[in-house]
Structures are given as structure tokens and as C-alpha cells.
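Residue-level structural notes
Okay, here's what each chain looks like letter by letter:
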Amino acid sequence: MKIPENRKGLITLKKFILLLCCVAVVEYAPLFAQGEALYKAKCASCHQIEKNGTGPMLKGARQRWIDAGEGDLIVEWVQNNAALRNSGKSKRAAAVYKEYGGAVMQIFSEVTPEQVNQILDYADAPPVAPPPGTAPGVPATDPNVPVEEDGGISNVWWLLAVVFIVIILSVSGVRRQLKYATSEKAPDNSLSYWDEFKILAWKNRAISGVVGLVLTIASVVLVFQSLGSINLMEDYQPSQPIAFPHSQHAGVNGIDCKYCHNSVEKSKSAGFPTVNVCMNCHKQINGKDAAQQEQIAKIYVAAGWDPTIKPAGAYTGKTKPIVWNKVHVLPDHVYFNHSQHVVAGKINCTQCHGDMKQMEETAKVVPVAELNNVEGNLPLTKPTLTMGWCIECHGKKEVVIGDGSNAYYDEIHKRLKNNKKLYQQYLKDGKLTASELGGWECAKCHY
Amino acid sequence: MGVTKKYWKGIEELKQTPDFIQQRDHEFPYPSSLASFLSDEKLAEASTGRRDFLKFLGFSVAAATLVACEAPVTKAVPYVVKPEQVTPGVATWYASTYYDGISYASILVKTREARPIFIKGNADFGFTRGGTNPQIIASVLGLYDSDRLNGVRKKGSDANILVSEADKAVVTALSKAKDVVVLTPTVISPSIENALENLTLKYSVNGQSAVKVVQYDPISYSAIRKANALNFGEGRIPSYDFSKAKTVVSVGADFLSTWLLANEYAVQYGSTRNPDGAWMSKHFQFESIMSITGSNADYRAQAKPSEYVGILNYLLKGLVGEGSGSSSLSKEATATADAAIKALKKAKGESLVVCGSNDLGEQLLVNAINQQLGAYGVTIDLNNEVRLFQGNDEEVNALFSRIISGKPPEVLINLGTNPVYNSPNGVSLKKGLERIGLVVSTARYADETSSSASYIVPDHHALEGWCDYRPKEDHYAVAQPTIRPLGDTYSSLESLLVWAGKAKRGGKDSSVAYDTISAGRLDFANLVHNSCETLNITPFIPAFTEKRLNSQTKSGDWEVVFYQKTGIRDGAMPSNPWLQELPDPISKVTWDNYITMNPGQMEEMGYATTFDQETGLNMATVNVNGQSLTLPVYPQPGQAANTIGIALGYGRGSSGEAIGRAAYQTKEYGGMDLDANGLKKPIGSNAFTCLTVAGSQILYSAPVSIQKAEGEYPIAATQIHHTVMGRESIVKETVLGEYLSKDKETYNPAHKLQRLNEHGHHEEAAIEEFDLWNAHPVEKVGHRWGMTVDLSSCIGCGSCLVACQAENNVPVVGKDEVRRGREMHWLRIDRYYASGVESTVGEKKEDGTFGYTEAEIAADNPAVVHMPLMCHHCNHAPCETVCPVAATTHSNEGLNQMTYNRCIGTRYCANNCPYKVRRFNWFNYPSYKKFTEINPAQDDLGRMVLNPDVTVRTRGVMEKCSFCVQRIQSVKLEAKKASRTVQDGDLKTACSEACPTQAITVGDWNDNSSNVYKSAEDKRSYQALEEVGIKPNVWYKVKVRNEG
């Protein structure tokens, strides 16, 4: 990760604070991994563990039902709360419904009774403090491991170079003056530095010729290389109106990417979360410290939420949409569809976006070198968001067809077998890649 | 030095000296020749030498290039609360209803990110069964016209005022007035009918209502209503059912394109034109102009409008069995009429006769014929009245003469009609309207009539508001908004209710109209989902009473027919550049109206009959009824002798009204073309001024005199050749008898080429045996997208072309560019006339007997073939082999792909394309000033109509039909996501979707159960220019005429 030198200390501090936060907020319960996953996937948007939110806190929920004498009904309640309420056999159901102002809970008929218990076990488990550096989603910050060095030339070296050049020039000036002073002849004023240099170069023409050639070739190569990097989007990280930490949301809290980017499986665009999605959680979570509160207050302004209205805050109706700066910008002549890659291609988000669970700042175009470091990613060489990067992946990515998992590809497989020669040709390298199914054709992305 | 100079310049500017003004107005201050400039001795002393100048230039170009490399920051603004139905990037479709006074259809509206961008017919609901017309499809562009009024206007001011101010003035005037007239287009909305009723009840004087409602149709069909009133006791327009008519006889009715509910009839007619079906309809047409309907007729006879009555009489006599009476008809017309009588008798009870004339006597004759045929109750349903066109010419004329003669009503409420433009006495009417105390209009534009109104409270665009319709007695439909109103517009329904004191303004949520329409409907959500429902109606048992009246149609040496063009119709959408640039399906002329005349007669009279990029057509002045029009004369094969045709709907905005920029002529390098008075020049001339009133009916034909006028006029036509010139591999046609009795070799012979066999003898071999290229692996592997076009079904209506333009962001280029042959339409419809010289299919031509010059001359009454032509996606595409940069390549799904960002514009591909379907971007249409007035993509608002899934192409690249590859990709993706195969019918291209007769079939040819595979393997299928050996993925199907 490229981080400016002067910010590294700050970031280490931030990581430490985050570490503390995650200890406080998230239950670390490896024994209840199943329950944790279920909780995050199904419940987390409305229920918190230790605090009442849109719905009641889950810690002790089972006990509360048992206390009400209806301990056996909680599973029914979770699975289909409306049916239970309407059946009239549960007083607790009616009470909870009334307490939360008639807010309707979703139906989870697909959740089995065991799973309900797993979730509740997870909620009731005492918080376990994770050992430092092993908290989920937080990178290891072992003080003994040196922080990875930056590849670029630091400013100190530039400064040194300038100092040296100044010294060389002044020394040579002194030398020249001394030469005139010691010389018998009157100083030949007609000779400038440039003329002297020319004479010197002519005297040593073999060396200066070689040096000149090397310099010329080097500068041409440099110019071409720099031209090649024009408009490269790698590391592009525009400023954002809200300092949104992905590491907190996706990492520490473990919120699924699709919870906020919820059109990623339906649409060409993954979708920016709309403010009402933010408010699902942030209605209750307003920040631990002043810095967080300041950022979260911006969501309130956007949503038109006034937390000061008694008793629990209310919407004023005055909304102000958030204007984000787009990070991944494709040219207009490129058609890219997220759902194609995520649903049909089953590509993990990390393949193109890197490990956002560790991204403490707002999003950026992650350079390909970093993407390659992410486990499970297909390693690529071309810079991120260039066409070379796209087609490299299309050329390497294997498409599994004919295994019965997708009827569309089964049909394609069936038809491919009509031309055995072609199929054999495709399978020469042992796999069928996206490009062999047409992934390198122009009109797949350009129309 | 430079500073001093500037200073003095400033003083001159301050004082506005004559010298300064001259300098300011002229780019070059003093006329000087290049020679005198170069001989100036001071030039050599100039401080900036030529080389320095070039250095600066070079540096600034490099600097500008580097600066431009910085990518701009793109903003993204997500919803605050996302509506449940909207997902950014996914289209949302709404079922709605279209009605504009002359067309009606159940439609589906595609919206992307809440912007409507595409309209197609609703094939599942509504009696129009998916049938639309070019105007309905193009109407989506009108939504984004920046010249549409965006607020309430008061006379004499260009600033918007508050609606409450207008409402107050209207209500005050209404409560004082004793004589109020509401002038409205035909009202088919029950809610508006109800609101009008409320208005009449509210304002009354001495127990008598002060309010009178007059319905006014720009195109009148009142003769049909009157004839039925006389014959059946009720003035109804019946429902016609062409799908049940085995024999159709049309006398001057263009029922496939502009007559009554033509989009409904086109669907019905299309279903009867399948030669493989149980039966195929036989269609007879008698007409003066060459109409779209006439071009599809199996038998077509030419007749002057004054001869229609004779033809109808002849038909009636023939049917009654009185034998062929005295026939004043031409030999040709008599022969056709005799054939028609025979066919009508044969299909008795399953036939239909219609007439396009608005003459009462002629319509009475039509009724008598249909009664004789037993058509009532079978093909004509009087029970189910068509509620469109309720205007009564008598009432309207009485009102207009009142206004003109200075006895106008005190208050006139105009619900968007435009009689100043589209009634014969528009000019005097305009003066009369100015004498009315208060005129309030709900027109969408400050048009000819409304620009002088006291107040304009503009109505929504049809896609912006709620409305309900009852187009037929048994049919109730709802139109729902697909976008929040763009401007401060107010639905007419709401305005009427407010003025009647029944409602308060509901703001942008259209709540008043919604509440009114949904009141008391428990199943409203379901109704909106379906967009319509069927109502129970009380049966009306018609008893036929015989009645005859004389025809009022006057005859003359020369007669003129005023007709509607499919794109322009009554001229209500003049600023829609898609429609202006839609080539007329018959003449192929864009952006103009003209006089159509028989080319033979034109030669006799000394008019030029050919034209091209350089030479235009001669002008002529026609005099009708004391009115004269001067227009170019266009040679129209098939036009009846001694008749001319002039299209209505042109000449909009003759006083420079703000009716949209594309409604006016533009200059060669952009900007409005102004006349001597500084007024914008309208396109064409207004033929409504020449309409005549005879016996209270408005007639659309009249005697005329015609004189050649000075000048030559440039014509922008997309096809200037008339016939296929004997190349039978382009168009194949046959007649039904032959098709049914003979084998494929007779009517659809496979093309054979000659080669030398091993003995050195010539032998014939099939096309497949000759090939230059290796086979492209598309057969049976993966998908192979294909298309078939049934020439028997295609009626040439032009809907596909407009739909393609809307779907694929095809730029508008304007008249000047079309004239240079640079139109950009991805899909064109070639229209061929059958010339007498051409040989029949399968017959060899003798050497020396075939002359291309004669072949180009169309027959006097030619048969017509419409042939839609788009990219054929050849598997051995000649364009691909010549591209030096591989910008056009073949996909393994059989598509010929065009990659814009790779193209360098050599145009070799276009040169090598045998179908000439490639289009080159000569200009940057989305930004070059020449196209500012006409190209919607240059307007911030107009740009909203662009399809975000399709790239907007820039200057210097080729483009062409992509088979709607964005849709192909999308159906594949949907299948993959749902883990299913692509189903036949999933893929519909814009053209196939728009086709009312389902002539275009698309699909996966590799799927042997698909319709396109079956259609392509059919015995009628052939490929155009098959002998070139390029293996296209488009098949045509032999046209079958039901002759003989």
C-alpha cells in the first residue's frame, strides 16, 4: 500500500484505535462462526447485539422470551413473526410488535430452528477479546515487523542531490578564480563556461559521445514510458465528501459488500448505497468520538434526519443527496456489467477491488500489484482498469461449462461438442478460458 | 506597444466610430488580396517570424494534449431513498397508453434511471396488439424538446407566470361570461368528459349553460359518422376488422398508415398476408396518389378523386347483379373493379370495403356495398363504436365563421387544438381570435393558435401525466406518467377541474388527475399494470335504412389530393427531427413536401423527372380555390394521370412561432435560415389552407390548376433510383397460385454459377461450392444470431426505422447532408417499383435485350416491393477483410462487430459492402454547429433520450446496424444469471419489436427449434446477392402477391 511518509504514524495510530473499537463492538466468537455468519447476513441490518435498534438487541433475547413464559415460541417468531402475531397465541409477540411501533419484521421462513439457535447462541456468548493483531479484518501490526518500505525516491535524496550540485558548482567556480589568479596571463574573458565545456568535451570526445548516446536513449525510453502511463487510473483516489472507512464496515463489522452495493447482482452498476441504506444502521450508530460523529452527521444531513428531535430523532423531510466522486470511471465506449462478472462469472469482488476489508480510507483504484497479493485473486500484470488488464483476465480465467451447474453453459458445452476439432483446440492448455468463448471479441464490451 | 494599441481600440469602441463598426462586422478589415499582403515590406520586419509561429503552435498543441490527458472527476449522486422499482442500470418498463388526437395505441415505455427513452407497442394488452406507427415511437423525443413550454404564459410576455394568476383570470372571466366555447380535439377520456360536464354545469345563464363544447379534428372523418347516422340511426365510426376480411377493397383509404386506427388495422392486415396460412387476403386498391396501402395492394388501379363515386357505384351495381352499368371508368379501373366484384362475391360475408373520402355521398355508397356484402357483424362492428374523431364539420365550421365574422364567444378555452394552422381559413381565424375577450389554451407549444392566447396553461407531455381513455365503446385504458413533469405544466384534466371549481392545483405529483381517475377503483393497481380493460357494452342492433346522396367531390381537368405522410401526419410534431428525417416510405424524400405527379405527364409538360445531389426539381404553382402554393414537383410512379398529391402537415410556424427548432429550415453551416423579414423559414407549405368545404364536409381533394414556376429546388431523398434494374437476386416475388402449385425452383430458384469441369466443359454449380474463405466456426457452435424478413408481410410503414434510430442513438443529419447521401440510418427500407422491362424470376435474359436505361423507368402503374435493409452480418464479410486496423471483425456468434474506438475512418469497408449499409460519421454530430438546431444530442435536454447502453459515435468512424448487440448481450446475461438457455423469443431487436406485421424475425439460428431457423430454412427464404458468396445471416422471404 502506498502511503505518504508523513501519514504513516497517523495511520498506525488509527489502526490502534480501530483495534480498540473492534474489541468493543464485535464479538469474537470462533466457536459460533456459523451463528456469526448468519447474524451478519440476516439480522445485522436491524438488530444489534447489545443495543436496541430498529429491532430489539439480540443479547438476552432468548432469555426474555423464556421469562415471558414463551421460550418455545421464539423460533416461530423468527421464522414467521406475522403468522405468530396473527395466531394470537403469543402475548410476547404482540408486546414486541407494539413496543417497536408496529415496525414489521421480515419473514425468514428459510431459517431452520437450529440456525435460529446458532444465532442466539452467538448473540448470548460473552465477548472474547481477540489477541492483538488477529482481530478479523484488521491487518497485523506487529511492532517487530518493519513497515514495508516505499519504492519511490524520498525527498531527502533529492535535497542531497541539489546540495551536491551546488557544492560542485561553487567549488569549480572557486577553482576557476584561483586558476586566473595564479595564472600569469590576463584572464581570457571571451571564454564562457559553455565554451570551456565544449573544449573539454572535444578533448574527451569518446567518453562524451558514449555518455551523450546513453543519455539520449534513456530520455527517449523514459518519455515513452511516461506516455504509456498517461491516464492510468491506478492509485486514483479522489477526495470524498464523507471519510468512509471500508475497513470498519466490511472488515470489522463484517457487512457483506452486497448489503450496500446491492445492485451488483442485478445491474451493470454495483450501485452506490442510497442514504436510506446507511440509515438502517446509522439511525442508532452515531459515532464513538467527535471525528466519527462529524462524518456520520453528514449522513443525517443527507437523509434529513434530526437526531435531536424527541424522543428518538425524526426525519425532517429536507433531504440533500450526497455527491460522491466516482472512483472507477470507465470511458463511455466501454460497456461493463457487474452482474455479468459477479453472478454469471462468479468473480469475487476482490479480483478487481482488492481487499476492501483492509481499506481504511475511502476507495481507490487498487494497483494490480496489490490485487495480486490478495489471496484467491488471479494474478495479472497489466495496470488496473486498462483494457490490457481486462483482456488478460479474460484470457486466463477458466470458464467451467458442462458440469450441470448452469443450464446456459451446459447448452453451450453441448453445442461446442458439435465441432470437436475446435473444442480440442480450445482445450490444448487444459482449460476453457473466457476468451475462447468469445471474451476477447470487440462487441462483448464495445457497442 | 501592444498595450497602447489596445487602448486606442477601446476609445474607438467607446465612441462607436464608423470605422470601428466596419472592423467589428468584418473579419478582414480591408479587402486585400494575398499578393498585396505578401508584398508588404513590413511583413519581413514582423517580430514573430513564421518559424517562431510554428514553434509556438507546436508547443501549445503539445501542452494542450498533455493537459487533456488528465481525466475529469466524475460525480455520482445516489438516491436518498431509492424507489423500490428503480435499479440504476436496469431498465424499468411501464404500460401506458398513447393518444394524440389522431393516433391511439397501448404502449410500453422503457425508462432508464427514470428517463423514458423508448416506446414500443404493447402486444399483450389492448386492441392495438403491439401496433404502433413512426409518430408514436418518435413521440418520446418530443418529451425532451426544449422549446416546449415549461410554465404558464401570459400574452405579450416571454416569462412564466404563476398558474394561480391564470386560474384567477380564467375563473373570473368564466363567471361573468354568457357565451363560452371549449374547443377541444376529440375527447375520448371519460374523466375529461366528466370535467367538461362539470364546467358546463357550473357556469350557466338563466338555467341554460353558458358553456358549449366543440370537438375539432385536424383530419375529419365526419362523413363516416354522418353516413352511419343516416343508414343506422346513430352517427358512429364502427370497429373494422381486417383480420377477418378475405377480400379488402379500399377506395382511396390509406388504412395501413394514416386512415383512422391504421396501426390497429396494420396488425390485422399483417395476419392475413401469410401465403402459408389457411387463406391469404386479396387486396384491391383504387387511388390517385401512391399510398403505402396502395403499394401493398394485390391489385391497384389509378383513379381521380372525382372518379371514386363512379367506382363505388360500379362495385355496388356489380354486387347487386345489375351488371356493369354505364361505366365512365378507365379500362384499367374497370378491369380491376370487375376482378374486385368477383373476389367480393366469392368472399361474401368475409370482405370489407372502405373509402378514404370525407364525402357523405361516397360514404353512403360504401355502407350500401358493405350491407350488400353482409360485412356488418363480421368485418364491421357497429356495436363497438370507435370514439376517436367525433368532430362534426358543421359545428366546427359554424364556430369558425362566428369567430371570423366578428361574433365570437366571450371566452374560448382551447384544449390544445391548432385551427389557425390546420383549418382552411387559418389567417382570418387568427384575426378573429384576437377579438375574443379571453382565450386560454392548454397547448404544449406557443403555436400558431396559442401564441395569441391570453393565457397558456400548458398541458403535460403524454408521458408525464395521468389520463384515461375510452377509444372504443368496450375498451377503457389508462395512461400513467413515466417521468415527473419536466416543466411547470398542468394536465388539461386538472385545469378543467380547477376552472370548474372542482379541484385545487395538485402540483407536480399530478395528484388531481390521479385521484380523479383512480376514484372508486379498488383494482386500480391491476388496471395500471395492464393499462386497459374490456367493458361490457349494451348491444346496438343496427337496422339498415337505404339512403343515397350525391357526391360533392368536384371534378376538374386536374385534381389534387391532400394526403398525410406517415411521419408528419397532421403536422402536430414538426420539431421532431426523427420524423422529419424519416424517408417517406414511397417517395423516400426527407425534410420536405412536394407535389407528386405522374412522371410520364411531367415529361410531357417539361418538368425534370430525375434529380440527384447536384440537380434539383422544378417548381410549380398550384391554385386551389383561390389559394396558391408553390412547391417542387416530384415524379411519382403510380400517380394517376391528371392528378397531383400534396402532403398536409408542412409549413408549420409561418410566423416564426416557437414550435421547436427542427421545424424550420437551417442554413448550410448551421443556424436558422431567415427570410427577408427576419422570420424563420418553415419547411414546405401549409396545404390545409387549400382544403375546401363542400356541403358542410371538409374535402381532401379538389380541382386544381397548375403552372410551372421559376427555379429549381434541391431534394433530399435517400433513394433516387426506382427499380431493381433486373437484378433478381435482390428481390424475389411470385403470385399465390404459382407459389401453391409449383415447386421452389420456379419461384425461388437457387442461384447457380458456371465453372469449368475436369473435361473443360461449362457446368453449373451451386453457390456453396465456390468459396474464397475458410468457414467461420459459427454453425452449430455457440449462438448464431440471424434474422429473416418476410417481404410478403412488410408493408413499408417505417416504424422499424424510427425504432432503430431511438434504440441506437442514430444521429440526425439534416436535409443538406441527406442530399449528399450522408444519412445515418442503420436500417433503410428500399422501395422498388416493378418495371415492365424486368424479367420474371428464374428466367434468363437474352443478351442484348436488356437495357438498364429502360429498366430504370418504372411502369405507369407499378407493383411495389418494400425491402428493409440492415447490416447482413455476413459470415464471409467483405468489409472485414479490407479493414487495415481490424476495427470490424467477426464474432463467433456470427455478428459483424464494429469497434468505434479502433476505427480510423478509411471507409474501405463501406466501399466493399455489397449492401451499402455502412454509415460514416462525416461530422461530430453531437457537437458541430451545423447540427445544433436538428440533432437532439446537442441539447442538454434532448440528450436525455439517448440510450445509455449504446455509444454515441464521434467524427471519423464507421457505424452500422449491430443487430442490437446490446440486447443480445442482455438476453444472454439474463439466461446465464437464471441458469437457463436463451429461449426463442427472448431476443427482439428494435426493428423486430416495432414491426406491426411481424415481418422481421430474429433469434438464434443454431437453435433448431427457433422461429428464425424455421423461417430461414423455409422454401420461400433466399439471401440477397447470394451469388457474391458472403454468407449473410439475414434471409429474405419471397414476396407473394395474391394475384390471378
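In this text the structure is predicted, and so the values were computed from the model without any measurement. (Residues numbered from 1 in each chain as written. Chains lettered and ligands numbered in written order. Predicted model: local features only at pLDDT ≥ 70, side-chain atom pairs only at ≥ 80, totals over all residues.)

From N to C terminus, chain B includes 32 helices and 44 strands. For 1044 residues, the compact-globule formula gives about 31 Å, and the C-alpha radius of gyration of chain B, at 31 Å, lands near that figure. Principal-axis analysis of the C-alpha atoms places the extent of chain B at approximately 95 × 95 × 70 Å. Residues counted as buried form 53% of the 1044 residues belonging to chain B. Of the contacts made within chain B by residues no fewer than 6 positions apart, 74% connect residues no fewer than 24 positions apart. (Helix = DSSP H or I, 4+ residues; strand = E, 2+ residues; numbered from the N terminus. Rg over C-alpha atoms; globule rule 2.2 N^0.38 Å. Buried ≥ 20, exposed ≤ 12 C-beta atoms within 10 Å, placed from the backbone. Contact = placed C-beta atoms within 7 Å.)

Moving on, we come to unusual backbone geometry. Trans is the common state for peptide bonds, and a negative phi is the common state for residues other than glycine. Residue and element names in this part refer to chain B. One non-glycine residue with positive phi stands out, namely Asn 206, at about 50°. Checked against the element boundaries, Asn 206 lands in the loop between β8 (204–205) and β9 (208–209). A positive phi angle, close to 65°, is found at Arg 907, a residue other than glycine. Summarising the element assignment, Arg 907 is placed in the loop between β38 (896–898) and α29 (908–912).

The partner chain A presents 48 residues to the 43 residues of chain B that form the contact. For the side of chain B that touches chain A, the element with the most residues is helix α30 (residues 965–977) of chain B, which contributes six residues. Among the residues forming the side of chain B that touches chain A, the class breakdown is 19 nonpolar, 16 polar and eight charged. As judged from the two bridges shared by strand β3 (residues 324–325) of chain A and strand β1 (residues 75–76) of chain B, these two strands associate in the antiparallel manner. (Nonpolar A, V, L, I, M, F, W, Y, C, P; charged D, E, K, R; others polar. Pairing = 2+ DSSP bridges.)

Right, let's talk about the sheet that holds strand β41 (residues 1000–1004) of chain B for a bit. Whether parallel or antiparallel, the strands of a sheet pair through hydrogen bonds between backbone atoms. All names here are of chain B. As summarised here, the arrangement of the four strands in space is β41-β34-β43-β42, forming an open sheet in which the pairing is mixed. Pairing within the sheet leaves two strands with one partner each, and these edge strands are β41 and β42 (1021–1022). Here strand β34 (residues 785–790) runs beside β41; their pairing, made up of five bridges, is antiparallel. Looking across to β41, one finds that Val 789 is bridged to Ile 1000.

Once that is clear, we can look at the pairing of strand β12 (residues 247–251) of chain B. Residue and element names in this part refer to chain B. Counting buried positions over the five residues of β12 gives five, a clear majority of the element. Side chains Thr 247, Val 249 and Val 251 of β12 all project onto a buried face; the interleaved residues Val 248 and Ser 250 project onto the opposite face, where all are buried too. As paired strands, β12 and strand β15 (residues 351–355) are joined by five bridges and run parallel to one another. By the bridge assignment for β15, Ser 250 is matched with Val 354. Here five bridges tie β12 to strand β13 (residues 282–287), and the two strands are oriented parallel to one another. Of the residues in β13, the one forming a bridge with Val 248 is His 283. Note that the unit made of β12, helix α10 (residues 262–270) and β13 has a crossover that is right-handed. (Right-handed = clockwise from strand over helix to strand, strands pointing away.)

Below, the discussion takes up the domain arrangement of chain B. All names here are of chain B. For chain B, the assigned domains read domain 1 (1–35), domain 2 (152–219 + 391–504), domain 3 (237–386), domain 4 (558–713) and domain 5 (733–843 + 853–1041). Placing the centre of domain 3 and that of domain 5 at their C-alpha centroids yields a distance of 34 Å. Across the boundary between the two partners, domain 3 contributes 16 residues, which contact 15 residues of domain 5. Listed by contribution, the elements that provide at least two residues to the side of domain 3 that touches domain 5 are α10, α11 (292–296) and β14 (299–302). Here the element with the most residues in the side of domain 3 that touches domain 5 is α10; it accounts for four residues. Across the side of domain 3 that touches domain 5, the residue classes break down as six nonpolar, six polar and four charged. (Domains from an automatic or database assignment.)

Quick look at the nonpolar core now. Considering soluble globular proteins, one finds that nonpolar side chains tend to be buried as a cluster. Counting 267 residues, the largest nonpolar core has Ile311(B), Leu312(B), Leu315(B), Ile369(B), Phe562(B) and Ile595(B) as its most contacted members. The element best represented in this core is helix α12 (residues 308–320) of chain B, accounting for eight residues. When sequence neighbours within four positions are dropped, the list of residues in contact with Ile369(B) reads Leu312(B), Leu315(B), Leu316(B), Leu319(B) and Val353(B). One finds Tyr39(A), Cys43(A), Leu120(A) and Ala123(A) within the second-largest nonpolar core, a separate group that totals 18 residues. (Core = buried A, V, L, I, M, F, W, Y, C linked by C-beta atoms within 7 Å.)

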